[in-house]
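Chains, contacts and geometry: an overview
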Amino acid sequence: MTEPLLKVEDLRLAYQTERGIVTAVDGLNFEIRRNEALVILGESGCGKSSLAKALLRVLPRNVNHYSGRVLLDGVDIMALDPERFRQDVQWLRISLVMQASMNALNPVVRVGEQVAEPLWVHRGWSRQKAMTRAGEVFELVGVSGDFLRRYPFELSGGMRQRVVLAMALVAEPKLVIMDEPTSALDVLTQAGIMNRLKRIKRELGTSFMLITHDVATSSEIADRVALMYAGQIVELGSAAQFFANPAHPYGRLLMDSVPRLHQTRQPDHIPGQPPNLMLLPSGCRFADRCPARFDRCDEDPLPQSLSERNEVRCWLYADRAETGKPRELHKTPTPVLETRPLSKEVLVAVQDLHTWFELRQWGFIRAGYVRAVNGVNFHLYRGEAVAFVGESGCGKSSLARTLLGLHPPTRGEVVFEGHHLDALNKHELKQYRARVGYVQQDPYGALPPFMTIRRALSEPLIIHGVRDRKEREARIRAALEEVRLSPADDYLPKFPHMLSGGQQQRVVIARSLILQPAMIIADEPVSMLDASVRVEILRLLRTIQNKRELTLAFITHDLSTVRHFADRIFVMYGGRIVEAATVDDLLDFPQHPYTQALVAATADPDAENAAQERELPGGEPPSLLHPPTGCHFHPRCPHAIKGLCDVEEPPELEPRTGHYSACWLHREP
Amino acid sequence: MNPSKNPSIPKKAEGLLRDLKLMLLLTGKRIIALVLMVLIGVYLTILIANMGGRVDELRLVQIRSEISEAVRGDLSFRELDSEERNQLIQRRVDLEVRRLNLDRPFLLRSFNYLYRAMRLDLGRAEQMHSDMGSREVHAIILERLPATLLLFGTANLLIFFLSVYIALWLSRHYGSLLDRIVIVLAPTSAAPAWFYGIFLILFFAFLVPILPSGGMVRAPPPEDNWNYTLSVLKHMALPVLAMLLSQIFISIYSWRTFFLIHSSEDYVELARAKGLPSRMIERRYILRPTLAPVITSFMLMLISMWSGAIILERTFSWPGLGTLIFQAIGHHDTPVIIGSVVIFAYLLAFSILVLDIIYGIVDPRVRIGAAQ
Ligand SMILES: Nc1ncnc2c1ncn2[C@@H]1O[C@H](COP(=O)(O)OP(=O)(O)O)[C@@H](O)[C@H]1O
Ligand code: SF4
Ligand code: SF4
Ligand SMILES: [Mg+2]
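Position labels on residues start from 1 in each chain and follow its written sequence. Working convention: letters from A go to chains and numbers from 1 go to ligands, in the order in which they are written. A pLDDT threshold of at least 70 governs which residues receive local features in this predicted model, and a stricter bar of 80 or more applies before side-chain atom pairs are shown or counted, although totals over entire chains, interfaces and linings include all residues. Hydrogen atoms and water are omitted, and side-chain values are computed over all heavy atoms in the structure.

**Details of a negative patch on the surface**
Grouping into patches uses exposed residues only, defined as over 30% relative accessible area, and leaves out salt-bridged ones; the cut-off is 9 Å for like charges and 5 Å for nonpolar side chains (Val, Leu, Ile, Met, Phe, Trp, Tyr). Reported accessibility uses the Shrake-Rupley method at a 1.4 Å probe radius. Residues are deemed covered only where the shown protein chains occlude them. In the sections that follow, a salt bridge refers to a side-chain nitrogen of Lys or Arg positioned within 4 Å of a carboxyl oxygen of Asp or Glu. When charges are counted, Lys and Arg contribute as positive and Asp and Glu as negative, whereas His and the chain ends are disregarded. Think of each charge as sitting on NZ of Lys, CZ of Arg, CG of Asp or CD of Glu. Together, D295, D298, E299 and D300 of chain A make up a region of like negative charge exposed at the surface. On the accessibility criterion, D295 of chain A (66% relative accessible area) is exposed. When accessible area is computed with a 1.4 Å probe and restricted to protein chains, residues below 20% of their type maximum are described as buried, those above 50% as exposed, and intermediate ones as partly exposed.

**A few points about the sheet that holds strand β1 (residues 6-17) of chain A**
Residue and element names in this part refer to chain A. When DSSP finds two or more bridges between two strands, those strands count as paired. In this description a helix means any DSSP run of H or I spanning at least four residues, a strand means any run of E spanning at least two, and both kinds are numbered starting from the N terminus. Reading across from one edge, β2-β1-β4-β5 is the order of the four strands in this open sheet, with antiparallel pairing throughout. The outermost strands of the open sheet, each flanked by one partner alone, are β2 (20-32) and β5 (75-76). In this description, contact between two residues means that some pair of their heavy atoms is separated by no more than 4.5 Å. Interaxial angles span 0 to 180 degrees and are taken between N-to-C directions of axes, which are lines fitted to C-alpha atoms, for helices over the stretch in contact. Across the sheet, helix α1 (residues 48-56) is in contact with β1, β2 and β4 (63-72); its angle to β1 comes to roughly 110 degrees.

**Overview of the sheet that holds strand β15 (residues 385-389) of chain A**
All names here are of chain A. The eight strands are arranged β18-β19-β20-β15-β21-β22-β24-β23 in an open sheet whose pairing can be described as mixed. In the strand order of this sheet, the two ends are held by β18 (436-439) and β23 (653-656), each with one partner. Put simply, the sheet's adjacent strands are angled 20 degrees from each other on average, direction ignored. Sheet analysis places strand β21 (residues 568-573) next to strand β22 (residues 576-582), joined by six bridges and oriented antiparallel. In the strand pairing of β22, Y573 is matched with R576. Taken strand by strand, helix α20 (residues 593-601) contacts β15, β21 and β22, and its axis lies near 105 degrees from that of β21.

**Some points on the site of ligand 3**
Inspection of the region around ligand 3 gives 13 residues, with C631, C637, C645, C663 and W664 of chain A positioned closest. Considered class by class, the residues forming the shell around ligand 3 number ten nonpolar, three polar and no charged. Any residue with at least one heavy atom within 4 Å of a molecule or strand is counted as near it. Under the scheme applied here, ten amino acids are nonpolar (Ala, Val, Leu, Ile, Met, Phe, Trp, Tyr, Cys and Pro), four are charged (Asp, Glu, Lys and Arg), and all others, including Gly, are polar.

**Notes on unusual backbone geometry**
Residues and elements named next belong to chain A. Geometrically, the link from S486 to P487 is a cis peptide bond, its omega value of 0 degrees lying close to zero. Here P487 lies in the loop between α15 (469-482) and α16 (488-491). The backbone of E417 shows a phi angle near 45 degrees, a positive value even though the residue is not glycine. Mapped onto the elements of the fold, E417 is located in the loop between β16 (411-416) and β17 (419-420). Assessed through its relative accessible area of 29%, E417 is described here as partly exposed.

**Overview of the pattern of salt bridges**
Residue and element names in this part refer to chain A. This structure, assessed with the given rule, holds 49 salt bridges over all chains. As a salt-bridge pair, E31 and R33 come within 3.7 Å of each other at their nearest N and O atoms. The exposure class of E31 is buried, given its relative accessible area of 17%. Residue R265 pairs with D256 through a salt bridge whose shortest N-O separation is 3.8 Å. The partly exposed category is assigned to R265, whose relative accessible area is 36%. What emerges from the salt-bridge pattern is a single network uniting K7, E31, R33, E36 and R309.

**Comments concerning the site of ligand 2**
Lining the immediate environment of ligand 2, one finds H248, P249, C284, A287, C290, A292, C297, C314, W315 and L316 of chain A. Here the residues of the shell around ligand 2 sort into nine nonpolar, one polar and no charged.

**Here we look at the pairing of strand β10 (residues 232-238) of chain A**
All names here are of chain A. In terms of burial, β10 is a largely internal element, six of the seven residues being buried. Pairing analysis gives six bridges linking strand β9 (residues 224-229) to β10, with the strands arranged antiparallel. Within β10, the residue paired with M228 across the bridge is I233. Two successive antiparallel strands, β9 and β10, enclose a turn made up of two residues, where A230 displays a positive phi of approximately 50 degrees.

**Considering the packing of aromatic side chains**
Aromatic rings from Phe, Tyr and Trp, with only the six-membered ring used for Trp, were paired whenever their centres fell within 6.5 Å, and each pair was classed as stacked if the ring planes differed by under 30 degrees, edge-to-face if by over 60, and tilted otherwise. Taken as a whole and assessed by the stated rule, the structure comprises 21 aromatic pairs over all chains. Taking the centre distance of 5.2 Å and the plane angle of 15 degrees together, the rings of Y43 of chain B and F111 of chain B count as stacked. With a gap of 68 residues between them, Y43 of chain B in helix α1 (residues 12-49) and F111 of chain B in helix α4 (residues 106-118) connect regions that are remote in the sequence. Looking at Y43 of chain B, the relative accessible area reads 16%, which means it is buried. For F111 of chain B, a relative accessible area of 47% corresponds to the partly exposed category. An aromatic cluster is built from F160, F161, W255 and F298 of chain B, whose rings are joined through pairwise contacts. The criterion for a charge sitting over a ring is simple: Lys NZ or Arg CZ within 6 Å of the ring centre, and within 35 degrees of the ring normal. Positioned over the ring face of F85 of chain A is R57 of chain A, at 4.2 Å from the centre of the ring. The ring of F589 of chain A has R656 of chain A lying over it, and the distance from NZ or CZ to the ring centre is 4.0 Å.

**Some words on the confidence of the model for chain B**
Residue and element names in this part refer to chain B. For every residue, the pLDDT score states the predictor's confidence, bounded by 0 at the bottom and 100 at the top. Per-residue confidence for chain B averages 81 on the pLDDT scale, and 92% of its residues sit at or above 70. Within chain B, helix α9 (residues 266-273) carries the highest mean pLDDT (92), whereas helix α14 (residues 364-371) carries the lowest (70). With pLDDT under 50 throughout, residues 1-7 is counted as low confidence; its partners more than four residues away or in other chains account for nine contacts. Across the interfaces of the predicted complex, the ipTM metric reaches 0.81, alongside a pTM of 0.81.

**Thoughts on the interface of chain B and chain A**
Each partner contributes residues to the interface: chain B has 39 residues there, and chain A has 45 residues. When two components associate, each loses some accessible surface as probed by a 1.4 Å sphere; the sum of these losses over both components is called the buried area. Here chain B meets chain A over a buried area of about 3,800 Å², counting both sides, of which 59% is carbon and sulfur. Between the two partners, chain B and chain A, sit four salt bridges. Of the charged contacts in the structure, one is a salt bridge between E113 of chain A and R284 of chain B, with a shortest N-O distance of 2.9 Å. Secondary structure elements with two or more residues in the side of chain B that touches chain A: α1, α5 (137-172), α9, α10 (278-307) and α14 of chain B. With six residues, the top contributor of residues to the side of chain B that touches chain A is α9 of chain B. Considering only residue class, the side of chain B that touches chain A consists of 17 nonpolar, five polar and 17 charged.

Put into structure tokens, the structure is as follows:
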């Protein structure tokens, strides 16, 4: 057997905090072979980033305990003194791609220099030579060499992340650690970067350690998967085995909770929360969420080897040797969401709506318009759930804010229950706002930090003239009950920071419901939440919408979440709606080339994904300041018709009954 | 890796050229904006000062005194009796008044004043004169300006570099003894420089008399340059120290905190992971991105120190602009006061221009953003 490239033995890392010791990495053992990609999969807070930091020794000040052996090519790099480690290991042999953030690059240093830096620092190359090499890796990750002398703020988010990737590859290290490299990016950009990674792995033979919370992304490159839970690896095995048939109960529940584009079975959520890393239970850490728990689980489970390079930390597999098969996992099935037939009563009619923002220079000279919403038409019926899907910057949120009456439309109109929105006076506008609830993306930002939950929920009631204290209290309690925060007394006196993200989002939903609205607009309601909580919140929204016969406008960039949580879908691109249809028709028979690209870029977890690259359009999302002429998608469209698509805006056509698409391809021959 | 391909790498010179162009553009724009600002500021001063007709009165007085001096000094008018001489003077004054449009609406004249003020044609002092004996306000002011610039320039540069250096060091050794001392001493900066000045004078000039208590140079001034410089340095020591004491702890403390916050930025962490030496991380990844805000806070500090100049210079009898204003107020010498305001407006505008240019150099976002 060949010696692995990296072998980690009993790695531990703990932090000292005011409230106690946080054990973030608790005795990890794993190995990575040459040209192998290991995915570290786990919910946020399970210690994934700490693992990356521990391997590269980028530790914060408050480390309490740091131990273990890390063998790189057979040499224990943990035993090296800091200076040796810095000069020999860092970047030349192990490099890091940081969690995709706007902040991973120094804002005042040219990106080329930042990429080339390690070469002149560690290898003593001349700046010129290092810069030439930087140009090569720029091409490798798909960024033109013209950008070498640019600054980070002159690059789009996707390009910046490619630059960070180029930086990691510049010294041709044997191992690249990537911490959530794409999670902040758009679907198409994300898929484009994953394509690059696959090619680089194939061509350069680099080993990767990819850290992610996203099961679908992880399947894009994984050879092997390590599933982490509360600081430990609970399952370690090949990607083929893990994605098809996970062994650990947590792995199975996690796979069931993943929303999939091409699956009609509804995703379930995992009840409960991961344990506090300061107060770990003595037995199995997953025990209080585990449907298969039995008496032995009070003891800390030992890793059980299932086959070669495949182990599970769960007692279910302990007596397998005797019985030949593991104990059964008993899971109470989650009830299937009901949907009601579509009503024919139009609640909202939107006609030729434009929301433009004036861009001013020096505060007075008009520099142009940002055409955030650029001519959209649609009807929303009473009691239906619709999803607006599109990449960030396509105008989804501006549309939401216009519907909420927060921005006046530049042109066109919104008619709500027969009333024209721009004809409303101040008092009527207030009434209108009570009829439309709003659920924001960031629940923590949406709740005033210094208000208790009771206060935050009574606020809208007071504003809308509910004077009676008793009535307010009753309505607040009913709303909390409806979002399943019960008993209400546990939550009413709390402040937002004392609640988990999912609970905060429930409070925000309760607040949006409390004035008995006819419609709720939810702008990316789950994108800031963890995967297992997402499904839970979406189910909740869908259930409430159904029960109350509400109209729900659900805004998302993630196509895979819409299947079970909406009746109809509108796909937006560059400030316009390019395709509209019922969910199943749209997902199964996408008509518009942009929607087809989105569907192609959206991965369902499958070990096969790693083997092939996806067909994707190149280019960047269109500028809303200077949108392309004709069809906004034409610069990226593989089917664009010269002389037509780039000149004339395509009309809305109906290639299938009830399925609309704005594309010249559907015109009558 | 892919040697067949020849990636296009822009030449270093291209980047530099672009930066140079951008900087020129930025500087040009800023100069126009600042000239406008000074114009407006000085014009407002003129308007305000003219509320009570003060400036006109001054001009009249000045014209009258100039003409009568000329007439009286002219031998050819010796024979005239006082009545005739007064008439002659009156006629000439009237002529001059008409020539200068003093009988015309104020709006017209105000622009004339503005023009003169901008050209530093500040008129003549009523009472005061320069050491060289000139009564021209601009001569009086220009004589005092270098002293002020020397004192405050030295003190501020010293404060700036010392605090940045120490703050960087402390951000690395956060929690050390020196760090805790700085935290404890930070509130002492609430007291103004002259307050420390008084104690310093008491201590170094009287208790342990090793340094002079006031003035700028020994009297009589030493002949050779070397001794002259030495004497000036000695005289500067106490006022500079006073300013240092009143500013340095708070600026070290606030910048150290600032650097500390910025050293947990993602790009700093990534630089650590890259294995860059810690000095390089400090300079390139902590100091450079934060330099622009650091300079801004320094500028604010500087402006607030300007306003303390009058009392501080008074305390140390430093013959600068502050002392000049103090004396001018004492003498009710309005042209000198107005002139000083104009000079201050210029100084302020100039400091802001320098700040803007430095800003553009250290922060590409400013440079490139301003050009778009
Ligand atoms: N510097 C630190 N001090 C104290 N606790 C920390 C620190 N960094 C991370 N943690 C805690 O360690 C746990 C694991 O964090 P992290 O490694 O970032 O997980 P992940 O990357 O999986 O989200 C979390 O509970 C987090 O709050
Ligand atoms: S050890 Fe027990 S509680 Fe833990 S995952 Fe296995 S069955 Fe569930
Ligand atoms: S109209 Fe033309 S460019 Fe636009 S999506 Fe259709 S084929 Fe492509
Ligand atoms: Mg993380």
